[in-house]
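Chains, contacts and geometry: an overview
Here is how the chains run, residue by residue.
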Amino acid sequence: TEEISFEMPSKVDKAEVMKMLKSINEESNYKNFYFPGNNQVKIFLQDGSIITNLTTGKALMEKVKRRPLFREMNYLHYNPIKWFTLFSDLFAGALILLAITGLFLLKGKKGIKGRGAWLTALGIIIPIVFLIIYFY
């Protein structure tokens, strides 16, 4: 966010908005504008927006920056390609198989008959409690 100020014209239309944007070198990023209130104009930019007070000319510019790696990981959560859905299902199955076989690796007090039983029970009960609290 950045605070800026404009000289406000008597009438705000697209031509005046473009002049305002030209004064801050953002005219190439213009998308649209509208009036959310009697005293404000909101200008949409390519990667952000500007909210301007029409009487004072003071404005708040918000810019969105894409963070590397997070954008790509978020994209994969939308299952953009059919084969990726199949891959993620197979990977989830492999993780479940790994978790189940891991239950029987240790023997005795630390295995499934001892401490492992308590840990397994907690691993099942905690998600069920969260589902009951937040889903129902």
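Computed from a prediction, not measured in an experiment: that's the story for all the values here. (Residues numbered from 1 in each chain as written. Predicted model: local features only at pLDDT ≥ 70, side-chain atom pairs only at ≥ 80, totals over all residues. Heavy atoms only, no water.)

1. Quick look at the packing of aromatic side chains
Inspection of the entire model under this criterion finds 6 aromatic pairs. Between the aromatic rings of Trp-83 and Phe-84, the centroid separation amounts to 6.3 Å while the plane-to-plane angle is 80°, which identifies the pairing as edge-to-face. Centre to centre, the rings of Phe-87 and Phe-91 are 6.1 Å apart; their planes meet at 20°, and the pair counts as stacked. Residue Phe-87 and its partner Phe-91 are located together in helix 3 (residues 82-103), separated by 4 residues, close to a single helical turn. We classify Phe-87 as partly exposed; its relative accessible area is 44%. Its guanidinium or amino end placed over the ring of Phe-70, Arg-67 lies 4.4 Å from that ring's centre, counting from NZ or CZ. (Phe/Tyr/Trp six-rings, centres within 6.5 Å; stacked < 30°, edge-to-face > 60°. Helix = DSSP H or I, 4+ residues; strand = E, 2+ residues; numbered from the N terminus. Buried < 20%, exposed > 50% of the residue type's maximum accessible area, 1.4 Å probe, protein only. Lys NZ or Arg CZ within 6 Å of the ring centre and 35° of its normal.)

2. As for the sheet that holds strand 2 (residues 30-37)
One open sheet accounts for 5 strands, arranged 1-5-4-3-2; its pairing is antiparallel. The outermost strands of the open sheet, each flanked by one partner alone, are strand 1 (2-5) and strand 2. Each strand axis lies, on average, 20° off the axis of its neighbour in the sheet, ignoring direction. Sheet topology note: the strand 1/strand 5 (residues 58-63) ladder contains 4 bridges and is antiparallel. (Pairing = 2+ DSSP bridges. Axes fitted to C-alpha atoms, helices over the stretch in contact; angles between N-to-C directions.)

3. Here's the deal with helix 1 (residues 14-23)
Those residues of helix 1 not exposed but buried are Val-17, Met-20 and Leu-21. For helix 1, the angular spread of buried residues about the axis comes to 95°, placing them on one side. In helix 1, those exposed residues whose orientation departs by more than 90 degrees from the buried face are Lys-19, Lys-22 and Ser-23. Of the residues flanking the end of helix 1, it is Asn-25, one or two places downstream, whose phi is positive at about 60°. (Arc of directions from axis to C-beta.)

4. Description of the confidence of the model for the protein
Per-residue pLDDT for the protein has a mean of 88; in total, 100% of the residues score no lower than 70. Mean pLDDT values for the elements of the protein range from 84 in helix 2 (residues 70-76) up to 93 in strand 3 (residues 40-45). (pLDDT = per-residue confidence, 0-100.)

5. Focus on a nonpolar patch on the surface
Side chains of Leu-119, Leu-122, Ile-125, Ile-126, Val-129, Phe-130, Ile-133 and Tyr-134 sit close together on the surface and give an oily, nonpolar patch of about 830 Å² of accessible area. Residue placement: Leu-122 occurs in helix 4 (residues 115-135). The class for Leu-122 is partly exposed, based on a relative accessible area of 45%. (Patch = residues over 30% accessible without salt bridge, like charges linked within 9 Å, V, L, I, M, F, W, Y side chains within 5 Å. Areas by Shrake-Rupley, 256 points an atom, 1.4 Å probe, with all protein chains shown as cover. Salt bridge = Lys/Arg side-chain N within 4 Å of Asp/Glu carboxyl O.)

6. Quick look at the pairing of strand 2
In terms of strand pairing, strand 2 meets strand 3 through 5 bridges, oriented antiparallel. Within the sheet, the bridge partner assigned to Phe-33 lies in strand 3 and is Ile-43. As consecutive antiparallel partners, strand 2 and strand 3 are separated by 2 residues.

7. With respect to the nonpolar core
If you look at the biggest cluster of nonpolar residues, it comprises 14 residues, and the most contacted ones within it are Val-17, Leu-21, Ile-43 and Ile-50. Secondary-structure elements contributing two or more residues to this core are helix 1, strand 2, strand 3 and strand 5. Setting aside its immediate chain neighbours within four residues, Ile-43 contacts Val-17, Met-20, Leu-21, Tyr-30, Asn-32, Phe-33, Gly-48, Ser-49 and Ile-50. (Core = buried A, V, L, I, M, F, W, Y, C linked by side-chain atoms within 4.5 Å. Contact = heavy atoms within 4.5 Å.)

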